[in-house]
Amino acid sequence: MNESTRRSFDDPAFRVVPGPEQERMVEAVLFAAATPLGLREIEERLPLGCDVPEAIAALRRRYEGRGVTLARVGEGFAFRTAPDLGFLMAREVVETRKLSRAALETLAIVAYHQPVTRAEIEEIRGVSVSGGTLDLLIELGWVRFGRRRQTPGRPMTFAVTEAFLDHFGLETAQELPGLAELRAAGLLDNRPAPGVPAPEPERSGSLL
Amino acid sequence: MNESTRRSFDDPAFRVVPGPEQERMVEAVLFAAATPLGLREIEERLPLGCDVPEAIAALRRRYEGRGVTLARVGEGFAFRTAPDLGFLMAREVVETRKLSRAALETLAIVAYHQPVTRAEIEEIRGVSVSGGTLDLLIELGWVRFGRRRQTPGRPMTFAVTEAFLDHFGLETAQELPGLAELRAAGLLDNRPAPGVPAPEPERSGSLL
Amino acid sequence: MPDDVFDPSVPERRVAEALVVDVGGFEGPLDLLLALSQSQKVDLRRVSILRLAEQYLAFVEAAKRLRIELAAEYLVIAAWLAYLKSRLLLPPDPAAEGPSGEDLAAHLAFQLERLEAMRTAAARLMARDQLGRDVFARGTPEQVARTATVTHSAALVDLLRAYARIKTRDEFQPLHLARGPVYTMEAALARMRGLLACALDWVELASWLPGDWAVDPVRRRSATAASFAAALELVKSGRLDLRQEAPFQPIYLRARGDRTG
């Protein structure tokens, strides 16, 4: 053991935390949080030198089949009750506003076509998106603004959030039900109307 | 097997849930609950015929030494970060404000002397208790109204809550250390030690 | 528009009329077209666009007959479908510019299929286990939300210190002289001046003591002394007579007023 390693061993911030202890720490941090935490967020709270992915993998194995499981949510992780036990938590159910058909369709379009512009949503639905619909989805925390599209007018795009994945129990957006089939069928293509050269057709022409 | 037992066996509410499954259920219910749950409350959420104390005992064993432990909080049970890992949560306690000295003293008196009237608190503190102090403690959920004292004027008494025990990591108010223990722990060393072997003040009888 | 465009079959007219009643329930022309195409009872990929155009035009015609006003967008699409229908019926004109009728029909079929796919996707999404309904997060997160207003905290050690401080305060109080209950002469004088008018005849001094000073011996003694001193002061100023039969006997007082004696 050379001089420098001996010194770092004495410094609590550099002290190597044993694996099982790391697992306990990650367990405590994730248990305390209501929303998913990313690897970096967890790392920031732990002493230096912890192998968070390793600890998470161990925890996921440990909680497999338990009443509470460690779920992956996008880039984050969160403890959640096992889906088969939902019936026990009837008292904890949060009554949510029922989404309108328009909001539901818009949400699905954003999820499956993201990043998607407002004009594209309108083209798919064949009607203009009413002001409140996207606002509502953003307010719910399920839809966020994406990057601007690099086309004339640089329109804003929309995408779904981690809270959306969390709400619907999806590890990633790639897990959306039927995504692969829809893609294979070409139903997620942005196919312009024949005879309309512009990639962003003007609104009335884009209806059909 | 007679008619009635056969019927109850078919009814999901009467079906006997295997032990490990009961443990999973209690685990999920306690995890999702917004407050510590008592045995009866857990029982009410579970299918009939579950042995909740047994499941709790199994869970307590399972979580022993983990990053999260199943703690008894007053009459209820709740998952809590392991006490030795509290430092991991420290970063999250950002916007908390320390209790004022007056509030802290009043809280201490309520904890040690409960049920205690306002006049008694004033007598012990040697100063009058401003209305705001008790209000704040009640608002924080740490102090509650007790029963009226059966003396002239039937004054209201105050007592500490389960949330208080929960916050300070106490199972019962009886666990609070007495004066001699406080002194032994060096908590009185901010004042010169009295020359005479300090007699326990007359109120010490009500301490424990 | 030429009349021959509006020559739908009877069943198609019936479908159209049934849908006209619900026109408010449709989310635009594409939604309506999807509903109409479902009445063809075939897979969306094999829907006859020509027939769909006719169904739609019958719908618009039915609305006209029932005097139901359709939104402009429905009429725009009606015109477009009438055009599409004519393109599909007429032999292709090699000199014509722009997309062929088949291309336009294929795109409409694609749009219908895509909208239908999104509807199905939305339904499958909503059928998943949902957070707060089927799956639950920790009910009591220990994290202090950043949006939270001020919360108060105290450690157990603070609580214990506070209690220790109170309980040991008496042992270490700075020296000061304890002062017992004292009824001041100023107070007695003020009280006695107010009572002078009532003392037209001899009154015992003891009966003039304030009620809350008359019972407790220590307090009574203080009040008696103060009142007697005040009485002497009033005698001196000529407003009061004093009388005592013998030492330690009751002291009587009487307002002097204008009387003599």
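It should be noted that the structure appears before, not after, this text.
Residues numbered from 1 in each chain as written. Chains lettered and ligands numbered in written order. Predicted model: local features only at pLDDT ≥ 70, side-chain atom pairs only at ≥ 80, totals over all residues. Heavy atoms only, no water.

It is not clear to me how the overall build of chain C should be interpreted in this structure. Could you clarify?
Across its full length, chain C carries 8 helices and 4 strands. Listing each helix as α and each strand as β along chain C from the N terminus yields α-α-α-α-α-β-α-α-β-α-β-β. Long-range pairs, those at least 24 residues apart, make up 57% of the contacts in chain C with a sequence separation of at least 6. (Helix = DSSP H or I, 4+ residues; strand = E, 2+ residues; numbered from the N terminus. Contact = heavy atoms within 4.5 Å.)

Please explain the overall build of chain A as it appears in this structure.
For chain A, the count of helices and strands is 10 helices and 6 strands. Looking at chain A as a whole, 49% of its 208 residues are labelled buried. For chain A, the proportion of contacts with a sequence separation of at least 24, taken over those separated by at least 6, is 52%. Summing over all exposed atoms, chain A offers an accessible surface of approximately 10500 Å²; the carbon and sulfur share of this is 54%. (Buried < 20%, exposed > 50% of the residue type's maximum accessible area, 1.4 Å probe, protein only. Areas by Shrake-Rupley, 256 points an atom, 1.4 Å probe, with all protein chains shown as cover.)

Quick question: what am I supposed to make of the packing of helix α5 (residues 101-113) of chain A against helix α5 (residues 101-126) of chain C here?
Orientation of α5(A) relative to α5(C), taken along the N-to-C sense of each, is 100 degrees, at an axis distance of 8 Å. In terms of their interaxial angle, α5(A) and α5(C) are classed as roughly perpendicular. Between α5(A) and α5(C), the contacting residues are Arg101(A), Leu104(A), Glu105(A), Ala108(A), Ile109(A), Tyr112(A) and His113(A) on the first element and Arg114(C), Leu115(C), Met118(C), Arg119(C), Ala121(C), Ala122(C) and Met126(C) on the second. Grouping the constituent residues of the contact of α5(A) with α5(C) by class yields 9 nonpolar, 1 polar and 4 charged. (Axes fitted to C-alpha atoms, helices over the stretch in contact; angles between N-to-C directions. Parallel < 35°, antiparallel > 145°, perpendicular 65-115°, else oblique. Nonpolar A, V, L, I, M, F, W, Y, C, P; charged D, E, K, R; others polar.)

Looking at this model, I keep getting lost on the relation of the copies chain A and chain B. Mind explaining?
Screw-axis analysis of chain A against chain B gives a translation of 0.5 Å along the axis, an RMSD of 0.9 Å, and a rotation angle of 177 degrees. Such a combination of turn and shift is consistent with a two-fold rotation axis. When each C-alpha of chain A is compared by its distance to the rotation axis, Phe31(A) comes out closest, at 4.3 Å. (Least-squares fit on C-alpha atoms with pLDDT ≥ 70 in both.)

What am I meant to see in the pattern of salt bridges here?
Oppositely charged side chains can pair when the atoms bearing their charge come close. Across all of its chains, the model carries 31 salt bridges over all chains by this definition. Here Glu23(A) and Arg66(B) are joined by a salt bridge, their closest N and O atoms 3.0 Å apart. With Glu23(A) in helix α2 (residues 19-32) and Arg66(B) in the loop between α4 (52-63) and β2 (68-73), the pair connects residues from two separate chains. Of the charged contacts in the structure, one is a salt bridge between Asp241(C) and Arg254(C), with a shortest N-O distance of 3.7 Å. Taken as a pair, Asp241(C) in strand β3 (residues 240-244) and Arg254(C) in strand β4 (residues 251-255) lie far apart in primary sequence, 13 residues in all. Neither residue differs from the other here; Asp241(C) and Arg254(C) are each classed as buried. Look at the salt bridges and you will find they share partners, linking Arg101(A), Glu105(A), Arg125(A), Glu27(C), Asp31(C) and Arg119(C) into a network. (Salt bridge = Lys/Arg side-chain N within 4 Å of Asp/Glu carboxyl O.)

What should I look at first to understand helix α8 (residues 217-236) of chain C in this one?
Three- or four-residue spacings in an α-helix give side chains the same orientation, since the helix completes a turn every 3.6 residues. Residues and elements named next belong to chain C. Here α8 is 20 residues long and its end C-alpha atoms lie 28 Å apart, about the 28 Å a rise of 1.5 Å per residue gives. Among all positions in α8, only Ser222, Ala223, Ala226, Ser227, Ala230, Ala231 and Leu234 are buried. Down the axis, α8 shows its buried residues gathered within 170 degrees of arc, on one side only. What points out from α8, more than 90 degrees from its buried face, is the exposed set Arg221 and Lys236. Taken together, the buried residues of α8 touch α7 (185-195), β3 and β4. Two residues or fewer past α8, Gly238 is found with a positive phi of approximately 80 degrees. (Expected span 1.5 Å × (residues − 1). Arc of directions from axis to C-beta.)

Looking at this model, I keep getting lost on the interface of chain A and chain B. Mind explaining?
In many analyses, interface size is given as the accessible surface area lost on bringing the parts together. If you look at the interface, chain A gives 31 residues, while chain B gives 32 residues. Of the roughly 2600 Å² buried at the junction of chain A and chain B (both faces included), carbon and sulfur atoms supply 56%. Counting the surface chain A buries against chain B, the share from its top three residues, Arg24(A), Arg66(A) and Leu88(A), is 26%. Counting across the interface, chain A meets chain B through 6 salt bridges. We note a salt bridge from Arg24(B) to Asp84(A), for which the minimum N-O separation is 3.0 Å. Linking chain A to chain B there are 12 residue pairs in polar contact (both at pLDDT 80 or more). Residue assignment for the side of chain A that touches chain B shows that the elements contributing at least two residues are α2, α3 (39-45), α4 (52-63) and β3 (76-81) of chain A. For the side of chain A that touches chain B, a count of residues per class yields 16 nonpolar, 3 polar and 12 charged. (Buried area = accessible area lost by both parts, 1.4 Å probe. Polar contact = N/O pair within 3.5 Å; in protein donor to acceptor, adjacent residues only side chain to side chain.)

Whenever I open this one, the layout of surface pockets confuses me. Can you help?
To find the voids left in a structure, one rolls a probe of water-molecule size over its atoms. The computed volume of the second largest pocket comes to approximately 770 Å³. Considering the residues around the second largest pocket, the lining is formed by 30 residues, among which Val94(A), Thr96(A), His167(A), Leu131(C) and Gly132(C) are closest to the centre. Here the lining of the second largest pocket takes 3 residues from helix α8 (residues 162-167) of chain A, the largest share from any one element. When the residues that make up the lining of the second largest pocket are grouped by side-chain class, the tally is 16 nonpolar, 6 polar and 8 charged. (1 Å grid on protein atoms, 1.4 Å probe; cavity = no way out; pocket = protein on both sides within 12 Å on 5 of 7 lines; lining within 4 Å. Points joined across faces, edges and corners; volume = space filled by probe spheres on them.)

Any chance you could explain the interface of chain C and chain A here in plain terms?
Of the residues lining the interface, 42 residues belong to chain C; the matching set on chain A comes to 51 residues. Both faces combined, the contact of chain C with chain A buries some 4200 Å², and carbon together with sulfur accounts for 63% of it. A per-residue breakdown of the area chain C buries against chain A is headed by Arg114(C), Met118(C) and Phe136(C), which together make up 17% of the total. Here Glu123(A) and Arg114(C) are joined by a salt bridge, their closest N and O atoms 3.2 Å apart.

I tried to follow the packing of aromatic side chains on my own but got confused; where do I start?
What characterises a pair of aromatic rings is the spacing of the ring centres plus the angle enclosed by the ring planes. Per the stated rule, a full pass over the model turns up 12 aromatic pairs over all chains. Pairing Tyr63(A) with Phe79(A) gives two aromatic rings, centres 4.7 Å apart and planes at 65 degrees, and the pair type is edge-to-face. With Tyr63(A) in helix α4 and Phe79(A) in strand β3, this pair connects stretches of sequence that are 16 residues apart. Per residue, the accessibility class of Tyr63(A) equals that of Phe79(A), and both read buried. Ring plane angle 40 degrees and centroid distance 6.2 Å describe the contact between Tyr56(C) and Phe59(C), whose orientation is recorded as tilted. Pair noted here: Tyr56(C) and Phe59(C) are both in helix α3 (residues 49-65), with a separation of 3 residues, about one helical turn. Side by side, Tyr56(C) and Phe59(C) carry an identical accessibility label, which is buried. Taken together, the ring pairs in this structure connect Phe31(A), Tyr63(A), Phe79(A), Phe31(B), Tyr63(B) and Phe79(B) into an aromatic cluster. Sitting above the plane of the Phe110(C) ring, Arg191(A) keeps its charged end 3.8 Å from the centroid. (Phe/Tyr/Trp six-rings, centres within 6.5 Å; stacked < 30°, edge-to-face > 60°. Lys NZ or Arg CZ within 6 Å of the ring centre and 35° of its normal.)

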